[in-house]
Structures are given as C-alpha cells and as structure tokens.
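An overview of the molecular structure
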Amino acid sequence: MIFSYFAHRRDCDAKQTERKSRIANLNPKYDDPLTSSDTSVLSLPVSSLVAAVNTHALDPANILTAYGKQALIAHRQTNCLTEIMIADAEQRLQSRSHSHSRGPLAGMPISLKDEIGVQGFDATLGYSAFVGHPTPRDSSIVTLLRDAGAIPFVKTNVPTTLLSYECGNDVFGTTTHPYNDAYTCGGSTGGEAALIACGGSRVGVGSDVAGSVRVPAHWCGVYALKASSGRFCVSGGRASAPGQEGVPVVHSPLAKTLEDLEYFFKAVLSMEPWRYDHSVLPIPWRNVDIPADKPLKWGVLWDDGIVRPSPACERALRMVTSALEQAGHTVITLNPPSISEGYTIGAGLLMGDMGTSVSAPLRTSERLDPGIRGALHTAWLPRWVKSLFAWYTRHILADPVCASIISNSHTISVAEYWAVIAQRNNYRARWHDMWLGDGLDFVLSVPHPLPAMPHGGMKAGFNVIGYAFLWNVLDYPAGIIPVTRVDRVKDSLFARSDLDRACTDSQREFTPRNGLEAGIYGLYDADSMHGLPVGIQIVGQRLEEEKVFEGMKIVEALLNGGGS
C-alpha cells in the first residue's frame with residue numbers, strides 16, 4: 001500500500017508539472033492581454049467564424065490565438081483545463097496535415113472532456129494510474145472533427161470515476177464554479193461547462209450517462225443537448241466502466257449559445273459520423289418544420305416524488321410554462337410511470353458491479369468526492385449489514401426512499417442483470433405508451449433540484465439524480481436552456497420578516513419528505529446562491545434530437561420576447 005501511495009503522489013506531481021510546463025512553453029503571445037481583434041473573434045458565432053475561414057477573411061491561427069488566450073484566462077479563474085494541446089494545434093496548422101480552411105467546422109477551436117482520446121495526450125479521467133499513458137490514436141469524434149476542419153485545442157477537468165456532479169481529483173485539482181468559487185461547476189463534464197461559461201471555448205464535447213453534460217450546463221448557464229445513443233460518435237475514448245451498456249453513455253455537445261449548439265450538431269451529422277464509428281446510426285440531419293402558430297402539447301414534471309425542485313429551479317420552470325401558455329400552447333402536469341422505479345432500474349444497471357470497475361484503478365489515498373466515496377463504502381458492506389441498515393432506515397427513520405436505495409445496493413449476477421434489462425425495456429414501453437396516449441410533443445423538467453452545489457455537497461446529494469438520470473434510462477434526447485438567475489428575495493426558502501410577502505405558502509410550509517430531500521435542502525441557500533444561473537430541460541422522444549432543437553428555439557424565443 002505504501003508503494004501505491006508514493007506512486008500516486010509521484011504521478012500527480014508529474015502531471016501538474018507537465019501542465020504548468022506546457023502553459024509556460026507556449027508562445028508568449030498567449031500571455032498578452034486580449035486585443036480588439038481577439039475580442040471580435042470571441043464574439044462571433046461558430047457559423048460566422050467558419051464562413052470567414054472558408055472565404056479566407058480570417059486565419060485559423062488568429063482564431064486559435066484568441067481562444068487560447070481566453071481558455072488560459074478561464075483556467076486561471078476556475079482550474080478547468082487538463083491537457084493543453086495548443087502547441088500541438090499550432091504545429092498542425094503550420095504543417096497543414098489537415099485542411100483547416102475547408103469543412104463545416106473550418107478553423108474552429110473545439111474543447112474536449114478529458115476522457116475523449118486524442119493521440120499523444122493522456123486521458124486520465126482523474127486517476128493517477130492513467131498518467132503517462134498517452135492515447136495511441138484519435139478517438140472517432142476527434143478524427144471526425146479534424147476532417148471537418150476543427151482544431152481540438154484543450155481538454156477539460158472531470159471528477160475521478162466520472163460518477164459525480166462535482167469536479168475534482170488529485171491529478172488536476174478542483175474546478176470551481178465560474179460565478180462563485182464556493183460552488184462546484186458540476187460534473188462529470190464540469191471543466192467543459194466552466195470553460196464555455198468563461199468564454200474560453202465556443203463549443204465542446206462531453207459525455208452523459210446520468211446528467212453529466214446537462215447538470216454542469218444548468219449550473220454554469222450554458223447550452224447542452226444529450227443525444228440518444230447512436231446519434232453521436234463515442235468510440236475510442238477511455239471509460240470509467242468500460243462495457244457498461246445498460247444505461248448507454250453518450251457523447252454530446254455543450255455550447256455558448258443555442259445557435260452554436262445546433263450548428264455544431266448539424267456539422268457533425270453532415271460528416272456522416274457512422275463512417276467514423278460503428279455504433280452510430282446512419283441517420284442524417286432531418287429538418288423539422290413546426291409552424292410558428294401551431295399550438296404544441298408540453299408535459300411538465302414538476303416533482304419526481306423524491307426531491308422537490310428548489311424555489312429558484314421551480315421558478316425557472318414556471319417562467320417557461322407561463323410563457324408557453326400565454327403563447328397558446330397546452331401545458332399539462334405529467335402523470336408518468338414511477339420516477340423512483342426508473343431510478344432504481346437505472347442504478348441497478350449502472351452500478352450492477354457495485355463500483356468494481358470505477359474503483360479498480362484507484363490507488364492508496366486517492367481522493368474521491370464524499371458522495372461517491374460514501375456510495376462505494378455502502379456498496380461494499382456485507383449484504384446482511386445493508387439489510388439491517390435498510391430496515392432501520394425504513395422503519396425507524398421512516399425514509400422508504402433511502403431504504404430502497406440501500407437494499408438494492410448489491411452486486412448482481414448475469415441472470416439478475418438480464419432481468420433488470422427486461423424491467424428497463426418494460427419501463428420504456430410504458431413511457432412510450434404514456435407519451436402517445438397524452439399526445440405530447442415535449443416534456444419539461446428541471447435538470448436538478450438545485451441551481452448549484454457547494455463543494456462537498458455530493459455527500460448529501462449523490463443519489464439525487466432523478467431529473468437528469470431518468471432520460472438516460474429512457475434514452476430520450478434532452479436539451480438545456482439557461483432561463484434566469486437565483487434571486488435572494490424571490491427564491492428564499494424560509495420566510496423572514498422582510499421577505500414574508502415574497503415567499504409562497506409552499507416555501508413557508510416546506511418540510512422534507514425523506515432523507516434525500518432533507519440533505520439537498522440543507523445545501524440550498526438563495527442568499528449565497530444569488531446570481532447563479534438556472535436552466536430548464538426540454539425532452540423529446542428517442543432519436544428526435546432535431547425536434548428537441550425546435551422546442552428549445554420556441555422556448556428561447558418566447559423568453560426573449562418576454563424580456564427574460
């Protein structure tokens with residue numbers, strides 16, 4: 001064990017030294033202040049940048065300089081970067097081994113989540129054991145991006161194991177929220193969301209198995225779309241639980257604006273990603289025409305039955321539903337199959353090995369956030385201990401939700417795994433029937449009950465993932481739109497004498513229903529969260545990404561029209 005500890009410290013130190021060296025050895029221009037030309041480049045949407053490169057009005061090297069400068073500024077603010085690939089990108093531009101003046105993403109710098117494989121660079125996932133093992137070849141999405149003319153230039157931070165809404169590890173340290181460093185930027189695609197929020201990248205690629213793209217986007221105030229499995233390249237990267245397909249991991253984009261997000265998704269599909277990755281379905285971009293005056297039907301998931309959304313997140317959702325109703329759309333309260341059932345099914349598939357895969361690379365003393373550490377310790381308890389703990393939680397603490405999680409926390413056999421897959425398929429079928437029976441066009445929900453989480457908050461919030469994880473279990477596409485910001489008066493949880501009129505009855509009378517809700521609401525503080533972004537989630541049926549984009553545009557147009 002002592003050798004494991006020293007190897008861990010050695011590799012962490014070596015990796016941080018390497019990162020500092022790569023930054024220090026960059027062309028001195030990256031230390032210079034942003035010029036007016038840089039600022040102009042950073043203000044342009046992706047489509048305009050690409051058009052300017054295609055017509056030779058802009059040089060890709062100048063675009064890389066602007067984004068390289070801003071990415072380093074973002075890194076100094078939030079510690080969001082892992083692999084600094086700027087020098088490699090410059091060399092590729094000079095060698096012209098790829099044409100960066102042609103293609104749907106010509107000259108566009110693209111940031112990537114740390115797990116995505118780039119030839120010659122590590123993909124550590126925050127594990128020190130993976131330091132010094134550079135990826136031998138580009139992953140499928142990186143090959144596609146290069147062929148499209150894009151320039152991968154940085155990789156971004158993640159939590160160890162990729163199973164957390166926090167964003168820190170011993171290898172690279174902790175990434176903080178771009179608007180308040182007392183809070184986390186989210187996870188596991190947290191570094192990517194922080195970088196984009198700070199303007200250090202216009203568009204990037206992350207991965208999502210339980211909200212890993214959407215929760216960081218919600219917390220950092222950027223846009224994201226979790227695709228259905230089979231729409232986006234995923235092969236060639238490093239996974240924390242390789243082979244886990246019960247709840248498919250999907251690579252998906254985040255962006256500064258909705259326009260950038262849609263343009264990027266279209267550009268990737270225009271490159272026929274199924275030619276790069278065997279797992280991608282041969283489905284090109286399909287235009288969806290929704291007449292401006294056509295009323296649509298929106299189902300709203302106000303409460304997953306486990307943790308009610310905080311006042312700030314509920315207010316964002318009500319802002320959207322009010323705008324839709326005023327525009328003539330039909331908004332109904334969703335009455336879906338049990339959300340807790342979907343969560344239990346998904347957790348059984350995602351953690352069916354009780355964390356054996358994600359913990360295998362860990363070394364002695366390697367840091368985990370409190371949530372995943374507690375979950376693993378619970379998972380490794382003898383079954384009889386967990387049974388007693390579950391009984392106590394259910395009957396003494398009167399908390400059936402937590403008791404169910406504990407009692408279902410055990411390794412399952414192949415036969416049991418197949419049985420859970422059958423339950424998942426039946427659950428998906430019931431949702432499909434409900435969707436068609438209600439005649440829904442879209443479903444709306446919060447992405448997470450909180451507008452952000454303080455560092456260490458996953459100790460109380462590890463199992464609070466239902467609003468995001470549900471759509472992974474169902475394999476539905478889901479988009480994130482920033483809506484508002486936390487207001488210390490409007491979003492106060494408990495009335496004070498000076499806030500009594502601003503608080504609703506539900507806020508004054510709120511009592512936690514279970515241990516998970518109590519834990520989450522113990523982290524909520526509208527005063528300290530004042531000003532943090534709040535988003536909502538727009539969901540469509542499986543493989544209807546194009547329609548989800550249209551739904552996102554409808555909502556954004558209504559909010560903009562109303563001055564929100």
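Here's what I pulled together on the structure shown here.

Parameters at a glance
- Residues numbered from 1 in each chain as written.
- Predicted model: local features only at pLDDT ≥ 70, side-chain atom pairs only at ≥ 80, totals over all residues.
- Heavy atoms only, no water.
- Buried < 20%, exposed > 50% of the residue type's maximum accessible area, 1.4 Å probe, protein only.
- Helix = DSSP H or I, 4+ residues; strand = E, 2+ residues; numbered from the N terminus.
- Pairing = 2+ DSSP bridges.
- Right-handed = clockwise from strand over helix to strand, strands pointing away.
- Polar contact = N/O pair within 3.5 Å; in protein donor to acceptor, adjacent residues only side chain to side chain.
- Contact = heavy atoms within 4.5 Å.
- Axes fitted to C-alpha atoms, helices over the stretch in contact; angles between N-to-C directions.
- Parallel < 35°, antiparallel > 145°, perpendicular 65-115°, else oblique.
- Nonpolar A, V, L, I, M, F, W, Y, C, P; charged D, E, K, R; others polar.
- Core = buried A, V, L, I, M, F, W, Y, C linked by side-chain atoms within 4.5 Å.
- Salt bridge = Lys/Arg side-chain N within 4 Å of Asp/Glu carboxyl O.

Counted residue by residue, strand β9 (residues 297-301) has 4 buried out of 5 residues, so it is predominantly covered. Pairing geometry for β9 and strand β10 (residues 330-333), over 4 bridges, is parallel. Bridging from a neighbouring strand, V300 pairs with T333 of β10. Between the parallel pair β9 and β10, the chain is carried across by helix α10 (residues 311-326), and the sense of this crossover is right-handed. As paired strands, β9 and strand β11 (residues 442-445) are joined by 4 bridges and run parallel to one another.

What follows deals with the side chain of T65. Within the secondary structure, T65 sits in helix α4 (residues 60-78). Residue T65 is classed as buried on the basis of its relative accessible area, which comes to 8%. Of the polar contacts made by the side chain of T65, one reaches the backbone oxygen of A61; its length is 2.9 Å. Contacts of T65, omitting those with residues within four sequence positions, involve K29 and Y30.

Here the focus is the packing of α10 against helix α21 (residues 545-561). For any two helices packed against each other, one specifies the crossing angle of their axes together with the interaxial distance. At a minimum axis separation of 10 Å, α10 and α21 run at an interaxial angle of 90°. One finds that α10 runs roughly perpendicular with respect to α21. Together, M319, V320, A323 and L324 of α10 and I554, V555, L558 and L559 of α21 make up the contact between the two elements. For the contact of α10 with α21, the per-class residue count stands at 8 nonpolar, no polar and no charged.

Take the nonpolar core next. Core analysis: the largest hydrophobic core is formed by 165 residues, its most contacted members being W298, W431 and W471. In contact with W298, not counting residues within four places along its chain, are L324, H329, T330, V331, I332, L440, F442, L444, I538, G551, I554 and V555.

Considering all chains together, one arrives at 31 salt bridges under this definition. Residue R542 is joined to D475 by a salt bridge in which the shortest nitrogen-to-oxygen separation is 2.7 Å. Here the residue R542 occupies a position in the loop between β13 (533-539) and α21, and D475 occupies one in the loop between α18 (466-474) and β12 (478-485), the gap between them amounting to 67 residues. Of the residues examined, R542 reaches a relative accessible area of 40% and is grouped as partly exposed. On the basis of relative accessible area, D475 is assigned to the buried category, the value being 3%.

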